[in-house]
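Coordinates in review
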Amino acid sequence: MKNAREVRLKLLFAALCLGVGFVLLNTQGGLAGSSIPAYVESVDHAVAPVVTGRISDVKVKLGQAVKAGQVLLTLEDRAVRLEHERVLSELAQLEADLAAQESIQKGQLVEGVLRSSSALADESAARSEADSLKVELERVEKLRAEKLVDAATETAVRREYLAAAARVKVFERRRTQLPELYATRGPNQMQAQTDARVQPFREALKAKRASLAELDWQLAQYEVRAPVDGIVALLAHPIGDVVTAGTEVVRVVRGRPGHLVATVPEERAGALIPGLALTVRASRGLLSKKLVGRVVEVGPAVEQLPVRSWLSPQWPRWGRRAVIQVEGEVTWQGGERLYVQF
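Residues numbered from 1 in each chain as written. Predicted model: local features only at pLDDT ≥ 70, side-chain atom pairs only at ≥ 80, totals over all residues. Heavy atoms only, no water.

Moving on, we get to the overall build of the chain. A tally of regular secondary structure across the chain gives 5 helices and 14 strands. Within the chain, the fraction of its 342 residues that count as buried is 29%. If you take every contact in the chain between residues at least 6 apart in sequence, the share linking residues at least 24 apart comes to 74%. Accessible area for the chain stands at about 21600 Å²; split by element, carbon and sulfur atoms hold 57% of it. (Helix = DSSP H or I, 4+ residues; strand = E, 2+ residues; numbered from the N terminus. Buried < 20%, exposed > 50% of the residue type's maximum accessible area, 1.4 Å probe, protein only. Contact = heavy atoms within 4.5 Å. Areas by Shrake-Rupley, 256 points an atom, 1.4 Å probe, with all protein chains shown as cover.)

Here we have 4 strands laid out as an open sheet, ordered β2-β9-β7-β4, and antiparallel in their pairing. Each edge of the open sheet carries a strand with a single partner, namely β2 (43-47) and β4 (65-66). Taken together, the 2 bridges between β4 and strand β7 (residues 230-235) define a ladder with antiparallel strand orientation. Across the sheet, residue Ala65 finds its bridge partner in β7, namely Ile231. (Pairing = 2+ DSSP bridges.)

Counting 26 residues, the largest nonpolar core has Val66, Leu72, Val250 and Val252 as the members making the most contacts within it. When residues of this core are traced back to their parent elements, those giving at least two are β5 (71-75), α2 (78-145), α5 (187-221) and β9 (250-254). Not counting the four nearest positions on each side in its chain, Val252 is found in contact with Val43, Asp44, His45, Val47, Val66, Leu72, Val228, Gly230 and Ile231. Core analysis: the second largest hydrophobic core is formed by 19 residues, Ala38, Leu260, Leu272 and Leu291 among them. (Core = buried A, V, L, I, M, F, W, Y, C linked by side-chain atoms within 4.5 Å.)

Moving on, we get to the sheet that holds strand β8 (residues 242-243). Taking strand neighbours across the sheet as the criterion, the 4 strands line up as β6-β5-β3-β8 in an open arrangement whose pairing is antiparallel. Unpaired on one side and paired on the other, β6 (223-225) and β8 mark the two borders of the sheet.

Following the criterion strictly, the structure yields 13 salt bridges and no others. Put simply, Glu90 and Lys208 hold a salt bridge, and the shortest N to O gap is 2.6 Å. Here Glu90, found in helix α2, pairs with Lys208, found in helix α5; they are 118 residues apart in sequence, far enough to count as distant. With its nearest N and O atoms 2.6 Å apart, the salt bridge here joins Arg139 to Glu136. Taken as a pair, Arg139 and Glu136 lie in helix α2 at a separation of 3 residues, close to a single helical turn. Look at Arg139 and you get partly exposed, because its relative accessible area is 44%. (Salt bridge = Lys/Arg side-chain N within 4 Å of Asp/Glu carboxyl O.)

With that out of the way, let us pick up the side chain of Asp77. Mapped onto the secondary structure, Asp77 falls in the loop between β5 and α2. Exposure remark for Asp77: the relative accessible area of 16% places this residue in the buried category. Engagement of the side chain of Asp77 in a polar contact is seen with the side chain of Arg81, the distance being 2.8 Å. If we ignore the near neighbours within four places in the chain, the residues touching Asp77 are Leu219 and Tyr222. (Polar contact = N/O pair within 3.5 Å; in protein donor to acceptor, adjacent residues only side chain to side chain.)

Locating Val326 in the fold gives a position in strand β13 (residues 318-326). By relative accessible area, which is 5% here, Val326 ends up buried. When the C-alpha atoms of Val326 and Val292 are compared, they prove to be 5.9 Å apart, with 34 residues separating the residues in sequence. With residues near it in sequence (within four places) discarded, Val326 still touches Gly258, Leu260, Val280, Leu291, Val292, Gly293 and Trp332.

On to the environment of Leu260, then. With respect to the helices and strands, the residue Leu260 is situated in strand β10 (residues 259-265). Under the relative-accessibility criterion, Leu260 is labelled buried at 0%. Taking the C-alpha atoms as reference, Leu260 lies 7.6 Å from Val326; in sequence the two are 66 residues apart. Discounting residues that sit within four places of it in the chain, Leu260 has contacts with Ala38, Tyr39, Val40, Glu41, Val280, Ala322, Val323, Ile324, Val326, Trp332 and Leu338.

Moving on to the confidence of the model for the chain. Scored by pLDDT, the chain comes out at a mean of 80, with 80% of its residues at no less than 70. Predicted confidence is poor over residues 20-33, with pLDDT under 50, and the contacts of this stretch with residues over four places away or in other chains come to 17 contacts. (pLDDT = per-residue confidence, 0-100.)

What follows deals with the pairing of β5. Side-chain positions along a regular strand alternate between the two faces of the sheet. Within β5, 5 of the 5 residues are buried, leaving the element largely enclosed by the surrounding structure. Alignment of β5 against β6, held across 3 bridges, turns out to be antiparallel. Bridge pairing in β6 places Thr74 opposite Glu223.

This is the structure:
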């Protein structure tokens, strides 16, 4: 009885080993052909700051999907931000000064136009008065010759005429000495003169805006952003750590859905061409799923296989890299291993 029991246990163990072996063999291609491991496409992007600083906030979590340009974490930027606020205040002051100067210059131009108009009006009135008195003097002189008026009347009219003529000469000298007072300015000339007077204020404003733009750029360097769409695979440093420029702080993994990367051993790579149809086997536990795949990209040279594809850490293997697209809807994790059957 004891011997029979031992025989049954041995047979049961052998059957179990055969079953497990068959499952493993079927998972890796079965008896229908050779198979090689393939891995769900996964490209790692090490994200690092470009400046040295202390991490002030981490805005993502492990496994979170992110978009290209999304802020992943920020560094302490208080010093730069204070400088930014100071320059922003100075910029506002310069803008106010420029607006005030433009208003002042326009007012002065208007005042100059009014002065010019007033001077022209005064000169015109003086000339008219002088001309009128000249005619009056000529009339009085004729009457005096006919003894119709006395000498006092003639003297009074002559005195008024000479005074008016003197005023006209004063205006003529003023026109020679102050030509700008009588210059006729059009709207374009007035605007050009205003622009020339306020140009130094505009240049100062331009320089301050350039300083503000530089500070905006510096502030942007304290934000670490995702370079591509992907999944957060690593948060290397917590809040409070001081990291130097170029130190990896976050790792983002991306990959095309349904794409596998296989490195075909060089002894099997001869028939590897784009468009080649393959069988893909995905297994989880004892369950295996058969899918159809097609080679879409083939590497041009033989390269070293990934370490996880070696038979032993001491036995490196070589082959050609191929990208395989699997038909249908698939949900795999980046880097998950499957098998490709030729």
